[in-house]
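Chains, contacts and geometry: an overview
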Amino acid sequence: MHYIRTGLVILLSFLLGVGAFSNNASANENSLQSYYISDMDVSDFGFGEVNDFVSADIIDGFLDSKTGDMLFQPNKNITRAEFTKILINAMGIETNSSSQIFKDVSPNKWYFDYINTASSLGIVNGFSPDQFQPGSFITRGQMAAMIVRAFEDTIPFPASVGQIFPDVPSHVRFADEINKAASLGIIQGHRDNTFKPGTLADRVQAVVIMYRALSNETESSVEENDVASFVQEFLTNESEAFSKNISIEVYNKYTTGFYNAYATDIVRRNNELIDQGYEVTLSSDLTNMKTSVEFLTNRFAEVKVTGTTNYGKYVSPEGKIKEINSTMNNGYYFLKKTEKDGWKIYDQYPEESK
């Protein structure tokens, strides 16, 4: 579903040429910075999956108050409430505010709606009828069980599976769910082939397992043409907005996550130049635009765009001219669908990054 973001400079920075004229700090800097995790390297286990989930606003990082860096803390254990939130966000399910189900899940807590929604859908169970233990760290076995319950209608789990891990015989709690998830590669064992179901899961394991589950949703009721048309419509409306010095409403309508944060920052920078007396002329040539759907489920999509060209001309108050001719609009667009907002573009990568 995703590739590694290679740096801050993407399509819009090339298109608008911001770096050539504006060195002011971004008013949207904090929001944009939250999408760059500083404590993981590209080669680290789960980096691509974490990067994708952060870009799509499925999971958040932790702001280091001393350095201003955004940390993911991949090896930190994850609570039952935190994993439930990832499940609901990743599946694009709109939360509902129902009456209190568990006595230890108070309506004034951030996780109340997530846990109640998951419980109403049969995804999570409590330790007792009225105790969920939201602050307890989740085990690998519990995580496997929640995954299977969440995706049992959209992933073709086998009806029955034999024992896969030597430390997960049939009498072990969640043995059936563990074996089903393992049979499709959603969960994996350790080097000694044990699963260790009672071991606490960490944040990066939770993201990777969720990502694998989403990738196993192979069937889709969505028409490829609908998703391709959505991207085409976005680029057409964006092109029309260029002639009006870019309208943020276009990005708010069609984008979310990292793409929206970055676009918002670029719009602000471009408007700064205009306020400083620059003449800005922007246009797009979409005559030869072609789209193809590379990946599609009911929740996520990847659309490849080719054949577009963008032009920009900047004239400073002193008469200095900078012209830009770019094809950076071509590449891969990543979309997610939620019950509330429908399809939204959350990231875009140039073609050469694949």
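Use the structure listed above.
Computed from a predicted structure; not experimentally measured.

Moving on, we come to the overall build of the protein. A tally of regular secondary structure across the protein gives 11 helices and 9 strands. Here the protein, with 354 residues, has 51% of them falling under the buried criterion. Of the contacts formed within the protein by residues at least 6 apart in sequence, a portion of 71% connects residues at least 24 apart. Just so you have it, the protein exposes about 16,100 Å², and 45% of that area is on carbon and sulfur atoms.

It is worth spelling out the packing of aromatic side chains at this point. Under the criterion given, the structure shown has 15 aromatic pairs. Both rings, one in tryptophan 110 and one in tyrosine 111, keep their centres 5.2 Å apart while their planes meet at 75°; by these two values the pair is edge-to-face. Using a relative accessible area of 12% as the deciding quantity, one classes tyrosine 111 as buried. Each ring, one from phenylalanine 234 and one from tyrosine 259, has its centre 5.9 Å from the other, and the planes form 80°; the classification is edge-to-face. Pair noted here: phenylalanine 234 is in helix H9 (residues 224-242) and tyrosine 259 is in helix H11 (residues 257-275), with a separation of 25 residues, a long-range link. Residue classification places tyrosine 259 among the buried residues on the basis of a relative accessible area of 2%. Connected via pairs of aromatic rings, a cluster forms that spans Phe230, Phe234, Tyr251, Tyr254 and Tyr259.

Turning our attention to the sheet that holds strand E3 (residues 279-285). In spatial order, the strands read E3-E6-E7; together these 3 strands make up an open sheet with antiparallel pairing. Strand pairing shows two members of the sheet lacking a second neighbour, E3 and strand E7 (321-326), which therefore form its edges. Across the sheet, the mean angle from the axis of one strand to that of its neighbour is 10°, orientation sign disregarded. Pairing geometry for strand E6 (residues 309-315) and E7, over 6 bridges, is antiparallel. Opposite tyrosine 314, over in E7, you have lysine 322 as the bridge partner.

Moving on: the sheet that holds strand E5 (residues 300-306). A sheet is described by the order of its strands in space; here 4 strands give the open sequence E4-E5-E8-E9, paired in antiparallel fashion. In this open sheet, the two strands that pair with only one neighbour each are strand E4 (290-296) and strand E9 (342-350). Each strand of the sheet is rotated relative to its neighbour by a mean of 25°, with strand direction disregarded. Pairing analysis gives 6 bridges linking E4 to E5, with the strands arranged antiparallel. What sits directly across from serine 292, in E5, is lysine 304.

Cut-off values and rules
The numbering scheme is per chain: residues are counted from 1 as the chain's sequence reads. At least 70 in pLDDT is required for a residue's local features to be given in this predicted model, at least 80 for side-chain atom pairs to be given and counted, and no such filter applies to totals for whole chains, interfaces and linings, which use all residues. Note that water and hydrogens are dropped before the side-chain values are worked out from all heavy atoms of the structure. Here a strand is any run of E in DSSP of at least two residues, a helix any run of H or I of at least four, and the numbering for each starts at the N terminus. Note on classification: 1.4 Å probe, protein chains only; a residue is buried when its accessible area is under 20% of the maximum for its type, exposed when over 50%, partly exposed between these limits. Contacts were defined at the residue level, with two residues in contact if any of their heavy atoms lie within 4.5 Å. Surface accessibility in these figures is a Shrake-Rupley result with a 1.4 Å probe; residues are shielded only by whichever protein chains are displayed. Only rings of Phe, Tyr and Trp enter the pairing, Trp through its six-membered ring, and a pair is recorded when the two centres are within 6.5 Å. The plane angle decides the type: under 30 degrees is stacked, over 60 is edge-to-face, the rest tilted. At least two DSSP bridges between two strands are needed for those strands to be called paired. Lines fitted to C-alpha atoms define the axes here, with helix axes fitted over just the stretch in contact, and angles between the N-to-C directions of these axes take values from 0 to 180 degrees.

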